[in-house]
Protein chains: 2
Amino acid sequence: MEKIKVAVNGYGTIGKRVVDAVRLQKDMELVGITGHSYNFRMEVAHDCKIPIYIFDGENDFEENGIKPAGSADDLFDEADIIVDCTPKKIGKENKEKYYIPKKKKAIFQGGEKPDIAQISFVAQCNYKEAIGKDYVRVVSCNTTGLCRALKVVDDLYGLGLVHATMIRRGADPGDIFHGPINAIVPVLELPSHHGPDVQTVLHNVNIFTTAMSVSTTLMHCHSIHAECKKTPNVKDLIEKLKHTTRIRMVRTSERVRSTAEIMELARDLSRSRGDMPELCLWEEAIGVSGKNLFYLQAVHQESIVVPENIDAIRAMMGFKDAEKSIEMTNKALNVK
Amino acid sequence: MEKIKVAVNGYGTIGKRVVDAVRLQKDMELVGITGHSYNFRMEVAHDCKIPIYIFDGENDFEENGIKPAGSADDLFDEADIIVDCTPKKIGKENKEKYYIPKKKKAIFQGGEKPDIAQISFVAQCNYKEAIGKDYVRVVSCNTTGLCRALKVVDDLYGLGLVHATMIRRGADPGDIFHGPINAIVPVLELPSHHGPDVQTVLHNVNIFTTAMSVSTTLMHCHSIHAECKKTPNVKDLIEKLKHTTRIRMVRTSERVRSTAEIMELARDLSRSRGDMPELCLWEEAIGVSGKNLFYLQAVHQESIVVPENIDAIRAMMGFKDAEKSIEMTNKALNVK
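So, how was this worked out
- Residues numbered from 1 in each chain as written.
- Chains lettered and ligands numbered in written order.
- Predicted model: local features only at pLDDT ≥ 70, side-chain atom pairs only at ≥ 80, totals over all residues.
- Heavy atoms only, no water.
- Domains from an automatic or database assignment.
- Contact = heavy atoms within 4.5 Å.
- Salt bridge = Lys/Arg side-chain N within 4 Å of Asp/Glu carboxyl O.
- Helix = DSSP H or I, 4+ residues; strand = E, 2+ residues; numbered from the N terminus.
- Buried < 20%, exposed > 50% of the residue type's maximum accessible area, 1.4 Å probe, protein only.
- Expected span 1.5 Å × (residues − 1).
- Arc of directions from axis to C-beta.
- Polar contact = N/O pair within 3.5 Å; in protein donor to acceptor, adjacent residues only side chain to side chain.
- Least-squares fit on C-alpha atoms with pLDDT ≥ 70 in both.

**As for the domain arrangement of chain A**
Residues and elements named next belong to chain A.
Now for step 1: Taken domain by domain, chain A comprises domain 1 (4–139 + 305–333) and domain 2 (141–299).
Now for step 2: Of note, the centres of domain 1 and domain 2, computed from C-alpha atoms alone, are 26 Å apart.
Now for step 3: Of the residues lining the interface, 22 residues belong to domain 1; the matching set on domain 2 comes to 19 residues.
Now for step 4: Our count for the contact surface shared by domain 1 and domain 2 stands at six salt bridges.

**Considering the pattern of salt bridges**
All names here are of chain B.
Now for step 1: Tallied over the full model, the rule gives 44 salt bridges over all chains.
Now for step 2: Across the pair D155 and K151 runs a salt bridge, and its minimum N-O distance is 3.0 Å. On the criterion of helical spacing, the pair formed by D155 and K151 is a turn pair, its members being four residues apart in helix α6 (residues 141–157).
Now for step 3: Using a relative accessible area of 53% as the deciding quantity, one classes D155 as exposed.

**Description of helix α11 (residues 322–333) of chain A**
All names here are of chain A.
Now for step 1: Its 12 residues give α11 an end-to-end C-alpha distance of 16 Å, which sits within 8% of 16 Å, the value for a rise of 1.5 Å per residue.
Now for step 2: Three or more residues of α11 are buried, namely A322, S325, I326, T329, N330 and L333. Here the buried residues of α11 occupy an arc of 130° about the axis, which is enough to place them on one side. Of the residues in α11, the exposed ones pointing more than 90 degrees away from the buried face are E323, E327 and K331.
Now for step 3: Buried positions along α11 lie against α1 (13–23), α5 (123–130) and α10 (306–316).
Now for step 4: Where α11 begins, the side chain of D321 points an oxygen toward the backbone nitrogen of E323, at a separation of 3.2 Å.
Now for step 5: Phi turns positive one or two residues past the end of α11, at N334, with a value near 60°.

**Topic: the relation of the copies chain A and chain B**
Now for step 1: Expressed as a screw transformation, the operator carrying chain A onto chain B has a rotation angle of 180° and an axial translation of 0.0 Å, and the superposed copies differ by an RMSD of 0.0 Å. Taken together, the turn and the small shift mark the pair as related by a two-fold rotation axis. Closest approach to the rotation axis among the C-alpha atoms of chain A is made by A:S215, whose C-alpha sits 2.7 Å away.
Now for step 2: When you check the interface residues of chain A against chain B, 100% turn up at the interface there too, and the contact is symmetric in its surfaces.

**A look at unusual backbone geometry**
Now for step 1: Note the cis peptide between A:L190 and A:P191, where omega equals -10°.
Now for step 2: Checked against the element boundaries, A:P191 lands in the loop between β10 (185–186) and α7 (194–199).
Now for step 3: The phi dihedral of A:R246 is positive, around 65°, even though this residue is not glycine.
Now for step 4: With respect to the secondary-structure elements, A:R246 resides in the loop between α8 (234–242) and β13 (247–250).
Now for step 5: Taking the relative accessible area as the measure of exposure, A:R246 reaches 0% and is therefore buried.
Now for step 6: Here the phi dihedral of B:R255 falls at roughly 70°; this positive angle occurs in a residue that is not glycine.
Now for step 7: Among the secondary structure elements, B:R255 is positioned in the loop between β13 (247–250) and α9 (259–268).
Now for step 8: Judged by relative accessible area, which is 53%, B:R255 ranks as exposed.

**Re the environment of A:A79**
Residue and element names in this part refer to chain A.
Now for step 1: Positionally, A79 belongs in the loop between α3 (72–78) and β5 (81–84).
Now for step 2: Taking relative accessible area as the criterion, A79 reaches 1% and is therefore assigned buried.
Now for step 3: Excluding residues that lie within four positions of it along the chain, A79 makes contacts with K5, V6, A7, V31 and K104.

Below, the structure written as structure tokens:
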């Protein structure tokens, strides 16, 4: 079987993780990554023998001992598919400048607007919609987290109105530019963009979202209230969630009481970079009042979308079996 | 008119603020406070000529140049009413040890269980219930904040199910003992205690609450979803809230985008200790979807209950006019 040739454009928080994940798939081959200028991430990539392709103009790779493998144009020409992990709005520019003229399939991240792609994607929700597509958008970390659990609840009980409050990390662990340091910063637009974003994947869900940023770097948390059509049962739901891919149940009775302890668990599991690509739900924080379901979950913003990018590659290249793709991805990444 | 003689037992975050507030009321006289041992708070109180009464046993006041005014027993005997601002569970001990035997009226704070008092209290919700009572419990900061705004919504539209997510400050500004430093810590019991606590004041409201602590010291935030019986109107609601006592509307268009900026505003207003006893709601963060109302609000945990304590004193001493008491308190404290 010929391997899928993947290029990754953008080597930040998501890009570097997608690169590692691609390299772990038996049916994929990483052609290379793009680089603008020398930095510690490029040094690590070079140490890992990852070919670095550069954009036109000045760069400082050679003077730092790194010989570029070629130009970004070369990279894109060589690839079957490009995973665009550039900062938001740059993906749109890249699509017009490179991917359309070169007739290359491309995956975009959740920072881009939905209309950049033919569909928005969460593997366990709508894999089939991505089969054979040229442009797919993997939704953001928060939206991915919302969709994974809401799909389970919708399948079991049928969803009425959903209200989710996102308590967002203020910055990523390696970030020095953002705040807040000591404040809660609400998103002062209602609904926040997450609600409409969920609907790009779960098309019939009536969801309203509010969000705020807080002084933490580890994970996002979500507080969710979902009206259900049938009366939910906590025990049954926990059982179902336990057997759902990419969802991990955590328990305060095991002293996993906070996002800090979830991240410590990921490190103890020897996960690469201490990542937790599974959506985590606390067993003790699932409650029912009449037909209303309430739950709290945590999202590792740096890694939750990584398996989605891998499955999107397969679907777009024509691999039709969603379950099989998810299984392959999970196994390679040691994800539940 | 004879002034109400008030003793304050416990001189921490709430106690020291209640002391200041009592001293500003024309119809009240502060008899004194209790002290266990010398510290910077006692030094400041002494500088302000506040009489300090001590408990039996060793103490280090005299060696630090402070002559106690008498014993705690003397203080309680002298007072008409005692505001108990001791840490949670101590109020219950004090009630049995001092207030019942001495037949003294007493106010407790929200850390105590509801059954410590005859009623739980938020002035603008149920002042009348406190008139002439011997034991009243001023509810916690979060519950006070929830009640103030929900009362308005209930009066206007009628409340169905309410779900509130509390994003709580991890510690008070002067605190060195608590966390989290860099994590989100959910309350892993559903509902959190806040929901049942609201019902001790707004008896007929069907409310479910979830909560988590975050790394900030300034204020709590609440994300609220209230099903209404009539369709809410954002403009009308804002207008009504603007004219509701102890509620302050803030706006991102004035660059009040976060709890940090609300606290900065309070400092700019020359509020004592930079306090903001008003519940703050963001105008831009009120949204409606069908009969569902969504809003975000901020609660200054250190000061929101201070005016409630003052009004509770008056009600318990037989002052029957709720509006008049609230007006007197507000004027003395420069509260809206």
